[in-house]
Amino acid sequence: MDKNRIRHHLSRQTITEAAIITSVIALLSKVVGYVRDMLTAKYFGTSMQMDAFEVALIIPNMILGLFAAGLQTIIVRMYSEKKEESREKGKVFVNQLFFIYSVFLFIITILIIIFSKASVKIVAAGFTSERLNYASTFVKMLAIFGYLNVMTGFFTGVFQAEKQFFYPALVGLIANIAVPICLIVLTPHIGIYSRVIGQDVFGIIFFLMLFIFLFSRWGFFKKFDIKHIDWASIREFTSLVMPAIVVSSLSVLYQIIDKTIGSYLPYGAIASLSYAQTVYLIPYSLIGAPITTAVYPTLSEHVVSNNSEDFLRLFKKSFYLLVFIMVPITVYFTVWARPIVRVLFERGAFSTASTLLTQKNVLMYSLGLLGITLSDLFRRAFFSFKDTKTPMLISWVSVLLNLVLDIVLAKLLASPGIALATTIVTYVSLIQYFLYSRSKHYFTAGYLGNILRETLKAIVPGIIIAVLAYFSLRIIPVQAHAIKIFLISIGIGAILFIIYVAIGKLLKGEIFDVALSYVENFKQKVFRR
């Protein structure tokens, strides 16, 4: 590939390239995160200082982190609209938003520092004396990380609006390496403070590298025009951000409800749910989220330019691709939950009993993989239309339903009941998105009916391979080494995937045609280069 083409691909990426780049770097980030957690466990274990750090990290993330997702999501839509009018106007709008929100969030950061001890007492009422003092000190030190985390989310949204996914993902990976480096270099000298400093260094590197690129390469933050701030657009942006922030806060409330109900169950329930969430979210974070993130800026552009035909075509292709991928992955993670859990966790204090409990939770959670990815795609489609209130209403319904189902199903099934409640709520949310998108005329009834019929053509072969996968468990030696079982399950999974595609083609499913065309186009691009 010549230098000009390389430069082009590094400056902007297609949807396919963006999804692949985000997936690969997300995988590498998980590896770095595993090393970080391994070193943290090695040096500090479950010590009193580590308890204090975990609580302290929650506070700035809980207060400031709620803004990060909202700012990142809405800036994509608003900046796309402004730069459609004029690129310079778009830059000035971003600059003014940065100025106003950086000042506002800096004030909140100062308040977090001032009231650090009070905030710790709210989050961890059981902390006293030394643990309370440690946590309070850590909150003061980590407040800057919380602030920078929001700003980097804002910057990342600007990059995504410019179809540049590679640089912020790569910078995030590089910055993340700072944490294990600080642990290795500083722990012998300053102990637990090395973990706190590592988190701050991560935030500083991430912020500076994104800011410098935006400033030097694209000319942002050079002209603020403070005397002529577009207050109407700022108010519109804020009105869109606030519901998005509520959606983010409700996702935190989900976790609080699950843990609260789980605290009434036998010992190990909460921990097993936490491990299960780590497992079942792997395909979502590596495949689902990268795809929905990659298509969102283009969906927004199509809405801004009033190009409904391309919007509908892109949404349908994205929907079909997610269904094509997530149906067999759901089968794999539900049927072979046990070998997955054994490979990832079964060692040391994590016993066979722990595996069995976590496996049941993984099974129940994984049934919702299709729902969570498709709901994410719908949510971003709504955001493209500047509709953040509807996703907020759907989230409220989901939280209330989750509370009721948690209580009922936990009594019947214990911790797997809590996981099942989450799965049920996920599909109820998806149904609401279907109904609201029709009533608000984002999609027609015929369009939605068509994608539902095509989805059934993927679910039918999915059910068939699920039955075959279940019977395959009889030929897998359960007592064999975890790695051996895991590799056997992958081999069987590959065979079942071929069967899944073959049945889908026999049913003449459009989903399979779309997905395989993506594969063919990607192969042609690779070989052409």
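These remarks concern the structure in this document. (Residues numbered from 1 in each chain as written. Predicted model: local features only at pLDDT ≥ 70, side-chain atom pairs only at ≥ 80, totals over all residues. Heavy atoms only, no water.)

## With respect to the overall build of the chain
Piece 1. A count of helical and extended segments in the chain gives 21 helices and zero strands.
Piece 2. Taking 24 Å as the expected radius of gyration for a compact globule of 529 residues, we find that the chain reaches 24 Å, a close match to that expectation.
Piece 3. Taken over the C-alpha atoms alone, the chain extends approximately 70 × 60 × 50 Å along its principal axes.
Piece 4. Classification of the 529 residues of the chain by burial places 52% in the buried group.
Piece 5. Pairs at least 24 apart in sequence give 83% of the contacts found in the chain among residues at least 6 apart. (Helix = DSSP H or I, 4+ residues; strand = E, 2+ residues; numbered from the N terminus. Rg over C-alpha atoms; globule rule 2.2 N^0.38 Å. Buried < 20%, exposed > 50% of the residue type's maximum accessible area, 1.4 Å probe, protein only. Contact = heavy atoms within 4.5 Å.)

## Topic: the packing of helix 15 (residues 352-366) against helix 18 (residues 415-439)
The axes of two packed helices give the description: the angle between them and the distance between them.
Piece 1. Close contact between helix 15 and helix 18 brings their axes to 8 Å; oriented N to C, the two are set at 15°. Classified by the interaxial angle, the pair formed by helix 15 and helix 18 is roughly parallel. For the element pair helix 15 and helix 18, the recorded crossing hand is right-handed. From helix 15, Leu357, Lys360, Asn361, Met364 and Tyr365 reach across to helix 18, where they touch Ser415, Pro416, Ala419, Leu420, Thr422 and Thr423.
Piece 2. Grouping the constituent residues of the contact of helix 15 with helix 18 by class yields six nonpolar, four polar and one charged. (Axes fitted to C-alpha atoms, helices over the stretch in contact; angles between N-to-C directions. Parallel < 35°, antiparallel > 145°, perpendicular 65-115°, else oblique. Left-handed = near helix turned anticlockwise from the far one by under 90°. Nonpolar A, V, L, I, M, F, W, Y, C, P; charged D, E, K, R; others polar.)

## Digging into the environment of Leu142
Piece 1. The topology assignment puts Leu142 in helix 7 (residues 129-161).
Piece 2. In this structure, the C-alpha to C-alpha distance between Leu142 and Val171, residues 29 residues apart in sequence, is 20 Å.
Piece 3. Not counting residues within four places of it along the chain, the set of residues in contact with Leu142 comprises Phe53, Ala56, Leu57, Pro60, Val196, Gln199 and Asp200.

## Some details on the packing of helix 12 (residues 269-304) against helix 15
Piece 1. Between helix 12 and helix 15, whose axes approach to 8 Å, the crossing angle comes to 50°. Between helix 12 and helix 15, the angle is such that the two are oblique. The element helix 12 and its partner helix 15 pack so that their crossing is right-handed. From helix 12, Ser272, Leu273, Tyr275, Ala276, Gln277, Val279 and Tyr280 reach across to helix 15, where they touch Leu357, Thr358, Asn361, Val362, Tyr365 and Ser366.

## Quick notes on the side chain of Ser102
Piece 1. Residue placement: Ser102 occurs in helix 5 (residues 87-114).
Piece 2. Among all residues touching Ser102, those that are not within four sequence positions of it are Leu97, Tyr147 and Met151.

## So, unusual backbone geometry
Peptide bonds are trans in most cases, and residues, glycine excluded, mostly fall at negative phi.
Piece 1. In this structure, Lys163 is a non-glycine residue whose phi angle is positive, near 65°.
Piece 2. Topologically, Lys163 is positioned in the loop between helix 7 and helix 8 (166-176).
Piece 3. Relative accessible area serves as the criterion here: at 10%, Lys163 is assigned to the buried category.

## Points about the packing of aromatic side chains
Piece 1. For the structure on display, the rule yields 51 aromatic pairs.
Piece 2. Considering the side-chain rings of Phe155 and Phe221, the 5.5 Å spacing of their centres and the 50° angle between planes classify their relative orientation as tilted. Of this pair, Phe155 sits in helix 7 while Phe221 is found in the loop between helix 10 (193-216) and helix 11 (231-262), placing the two residues 66 residues apart along the sequence. You'll find Phe155 and Phe221 in the same group, each marked buried.
Piece 3. One aromatic cluster is present, built from ring pairs that chain together Phe311, Phe315, Phe319, Phe378, Phe382, Phe385, Tyr433, Phe434, Tyr442, Phe443 and Tyr447.
Piece 4. Taking the ring centre of Phe215 as reference, the NZ or CZ of Lys222 above it sits at 5.1 Å. (Phe/Tyr/Trp six-rings, centres within 6.5 Å; stacked < 30°, edge-to-face > 60°. Lys NZ or Arg CZ within 6 Å of the ring centre and 35° of its normal.)

## A closer look at the nonpolar core
Piece 1. One finds Phe315, Phe319, Val323, Trp336, Phe378, Phe443 and Tyr500 to be the most contacted residues of the largest nonpolar core, which totals 82 residues.
Piece 2. The element best represented in this core is helix 13 (residues 308-335), accounting for 16 residues.
Piece 3. Core analysis: the next-biggest nonpolar cluster, separate from the first, contains 71 residues, Leu97, Ile112, Leu132 and Ala135 among them. (Core = buried A, V, L, I, M, F, W, Y, C linked by side-chain atoms within 4.5 Å.)

## Things to note about the environment of Glu301
Piece 1. Counting through the fold element by element, Glu301 comes out in helix 12.
Piece 2. Owing to a relative accessible area of 24%, Glu301 belongs among the partly exposed residues under this scheme.
Piece 3. Between the C-alpha atoms of Glu301 and Ser80, which are 221 residues apart in sequence, the distance is 6.2 Å.
Piece 4. Look past the residues within four positions of Glu301 in its chain and what remains in contact with it is Ser80, Lys83, Ala161 and Lys163.

## Quick look at helix 7
Working note: α-helix, 3.6 residues per turn, so residues spaced by three or four point in the same direction.
Piece 1. For helix 7, spanning 33 residues, the distance from its first C-alpha to its last is 48 Å, which sits close to the expected 48 Å at 1.5 Å a residue.
Piece 2. At Leu142, helix 7 shows its maximal kink, close to 35°.
Piece 3. Within helix 7, 24 of the 33 residues are buried, leaving the element largely enclosed by the surrounding structure.
Piece 4. Directly beyond the C-terminal end of helix 7, a positive phi value near 65° is found at Lys163. (Expected span 1.5 Å × (residues − 1). Bend = angle between axes of the 7 residues up to and from the residue.)

## Concerning a nonpolar patch on the surface
Piece 1. Taken together, the side chains of Phe99, Val103, Phe106, Ile107, Ile110, Leu111, Ile114, Phe115 and Ile226 present a nonpolar region at the surface, about 810 Å² in accessible area.
Piece 2. Position of Phe99 among the secondary structure elements: in helix 5.
Piece 3. Residue classification places Phe99 among the partly exposed residues on the basis of a relative accessible area of 35%. (Patch = residues over 30% accessible without salt bridge, like charges linked within 9 Å, V, L, I, M, F, W, Y side chains within 5 Å. Areas by Shrake-Rupley, 256 points an atom, 1.4 Å probe, with all protein chains shown as cover. Salt bridge = Lys/Arg side-chain N within 4 Å of Asp/Glu carboxyl O.)

## Quick word on the side chain of Ser472
Piece 1. Turning to its location among the elements, Ser472 is positioned in helix 19 (residues 445-472).
Piece 2. Reaching out from Ser472, the side chain makes a polar contact with the backbone oxygen of Ala469 at a distance of 2.5 Å.
Piece 3. Not counting residues up to four positions away in its chain, the partners in contact with Ser472 are Trp336 and Ile492. (Polar contact = N/O pair within 3.5 Å; in protein donor to acceptor, adjacent residues only side chain to side chain.)

## Concerning the pattern of salt bridges
Piece 1. Under the defined criterion, the tally for this structure stands at 15 salt bridges.
Piece 2. When the shortest N-O distance is used, the salt bridge between Lys163 and Glu301 registers 3.2 Å. Within this pair, whereas Lys163 is found in the loop between helix 7 and helix 8, its partner Glu301 is found in helix 12, the two being separated by 138 residues in sequence.
Piece 3. With its nearest N and O atoms 3.5 Å apart, the salt bridge here joins Lys457 to Glu454. A residue pair is termed a helical-turn pair when its members lie 3 or 4 positions apart in one helix, as Lys457 and Glu454 do in helix 19 at three residues.
Piece 4. A relative accessible area of 26% means that Lys457 is categorised as partly exposed.
Piece 5. Given a relative accessible area of 8%, Glu454 falls into the buried group.
Piece 6. Via salt bridges that share partners, Arg77, Glu81, Glu236 and Lys386 belong to a single interconnected network.

Just geometry here; none of it tells us what the structure is for.
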